[in-house]
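Here's the letter readout for the chains.
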Amino acid sequence: TYYFLISGLFFLILSILSKDIINLMATKTYSNAYQVVPFLTFGFMLWGLSGIFDIGILLQKRTYFKPLTSAIAACVALVGNFILIPRMGIMGAAISSTLSFLCLSATSFIISKFVYHVPYEWDRIAKIAVAIIAMLIVSSFVNTNSLYWSITLKFLCICGFIILLKIFHFYNLSEKAKLRKFYSIGYNKLILLKNIGFNYGRK
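None of these values were measured; they are calculated from a predicted model.

Reading guide: rules and limits
- Residues numbered from 1 in each chain as written.
- Predicted model: local features only at pLDDT ≥ 70, side-chain atom pairs only at ≥ 80, totals over all residues.
- Heavy atoms only, no water.
- Salt bridge = Lys/Arg side-chain N within 4 Å of Asp/Glu carboxyl O.
- Helix = DSSP H or I, 4+ residues; strand = E, 2+ residues; numbered from the N terminus.
- Buried < 20%, exposed > 50% of the residue type's maximum accessible area, 1.4 Å probe, protein only.
- Axes fitted to C-alpha atoms, helices over the stretch in contact; angles between N-to-C directions.
- Parallel < 35°, antiparallel > 145°, perpendicular 65-115°, else oblique.
- Contact = heavy atoms within 4.5 Å.
- Nonpolar A, V, L, I, M, F, W, Y, C, P; charged D, E, K, R; others polar.
- Expected span 1.5 Å × (residues − 1).
- Bend = angle between axes of the 7 residues up to and from the residue.
- Left-handed = near helix turned anticlockwise from the far one by under 90°.
- Phe/Tyr/Trp six-rings, centres within 6.5 Å; stacked < 30°, edge-to-face > 60°.
- Lys NZ or Arg CZ within 6 Å of the ring centre and 35° of its normal.

Chemist: Describe the pattern of salt bridges, with residues and values.
Modeler: Enumeration over the complete set of coordinates arrives at three salt bridges. Between Lys154 and Asp20 there is a salt bridge, and its shortest N-O distance comes to 3.0 Å. Taken together, the residues Lys154 in helix H7 (residues 147-167) and Asp20 in helix H1 (residues 2-25) connect sequence positions 134 residues apart. There is no split in this pair, since Lys154 and Asp20 are both buried. Close ionic contact of Lys66 with Asp54 constitutes a salt bridge, the shortest N to O distance being 2.5 Å. Remark: Asp54 occurs in the loop between helix H2 (37-53) and helix H3 (55-59) and Lys66 occurs in helix H4 (residues 66-88); sequence separation between them is twelve residues.

Chemist: Now, about the packing of H1 against H7: what can you tell me, with residues and values included?
Modeler: At a closest axis distance of 10 Å, the pairing of H1 and H7 adopts a crossing angle of 170°. Viewed along their axes, H1 and H7 adopt a mutual orientation that is roughly antiparallel. Touching Leu5, Leu9, Leu12, Ile13, Ile16, Leu17, Asp20 and Leu24 of H1 are Leu147, Ser150, Ile151, Lys154, Cys157, Ile158, Phe161 and Leu165, all from H7. Here the contact of H1 with H7 is composed, by residue class, of 13 nonpolar, one polar and two charged.

Chemist: Please give an account of H4 that cites residues and values.
Modeler: The first and last C-alpha atoms of H4 sit 31 Å apart over 23 residues, in line with the 33 Å expected at 1.5 Å per residue. Along its length, H4 reaches its greatest deviation from straightness, about 35°, at Asn81. The complete set of buried residues in H4 reads Thr69, Ala73, Ala77, Gly80 and Leu84. Taken together, the buried residues of H4 touch helix H5 (90-115).

Chemist: Before we move on, can you summarise the packing of H2 against H5 with the specific residues and values?
Modeler: The interhelical angle for the contact between H2 and H5, taken along N-to-C directions, is 15°, at an axis separation of 8 Å. When the axes of H2 and H5 are compared, the pair comes out roughly parallel. As for how H2 packs across H5, the hand of that crossing is left-handed. Of the residues in H5, those in contact with Phe39, Leu40, Phe42, Gly43, Phe44, Leu46, Trp47, Leu49, Ser50 and Phe53 of H2 are Met91, Ala94, Ile95, Ser97, Thr98, Phe101, Leu102, Leu104, Ser105, Ser108, Phe109 and Ser112.

Chemist: Give me the lowdown on the packing of aromatic side chains, citing residues and values where you can.
Modeler: Here the structure, examined in full by the defined rule, presents ten aromatic pairs. Relative to Tyr120, the ring of Phe53 has its centre 5.5 Å away and its plane inclined at 80°; by these criteria the two rings are edge-to-face. Here Phe53 is found in helix H2, whereas its partner Tyr120 is found in the loop between H5 and helix H6 (122-139), with 67 residues between them in sequence. Here Phe53 falls in the buried class, since its relative accessible area comes to 10%. A ring pair is formed by Tyr148 and Trp149, whose centres lie 5.5 Å apart and whose planes are at 75°; its orientation type is edge-to-face. Looking at Tyr148, the relative accessible area reads 59%, which means it is exposed. The exposure class assigned to Trp149 is partly exposed, which follows from its relative accessible area of 48%. Clustering of aromatic rings is evident, with ring pairs tying together Phe53, Phe109, Tyr120 and Trp122. Over the ring of Phe170 we find Arg124; its NZ or CZ atom is 4.3 Å from the centre of that ring.

Right, dumping it as structure tokens:
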């Protein structure tokens, strides 16, 4: 659940801000490169999930399934590249890569489910997914020629992801307590540093 939360947040940040970052750092030749970022980021997110889903295979020492899942994913990538790249170019390669990682993650999950059941928190994971999709949709309506306003509004969308999770009652009681403790420690350290700086300035 935490992996999906953190990787999902990074996926959201890169997907939303990729256009502005590329426009800021690269020439107009690469201005359309942002279109492949969500696919590649989501693909690597799925690749990470496959390692988590492998837990059943590893615990039951059924590692002979690993070459099978990798081979299936490789076949999907080869077929996808053969079909999509001639028609869609770089976008076809990105989609093919994402599909292969999706296949790797799905096959790892299915096989592990049969050899060792893991009770994943699907309700909480679903809340994360809905919050990500909602903020991606909202951010798609941000259309301004001002780089400053574009980044500002998209940053608010990223903050909206955290707020939506709170609205969806994603955080449990222990997590809320830890967040309050973390906030309290950070706030106290900030006050301490401020007082040290103030006293040093007076001297």
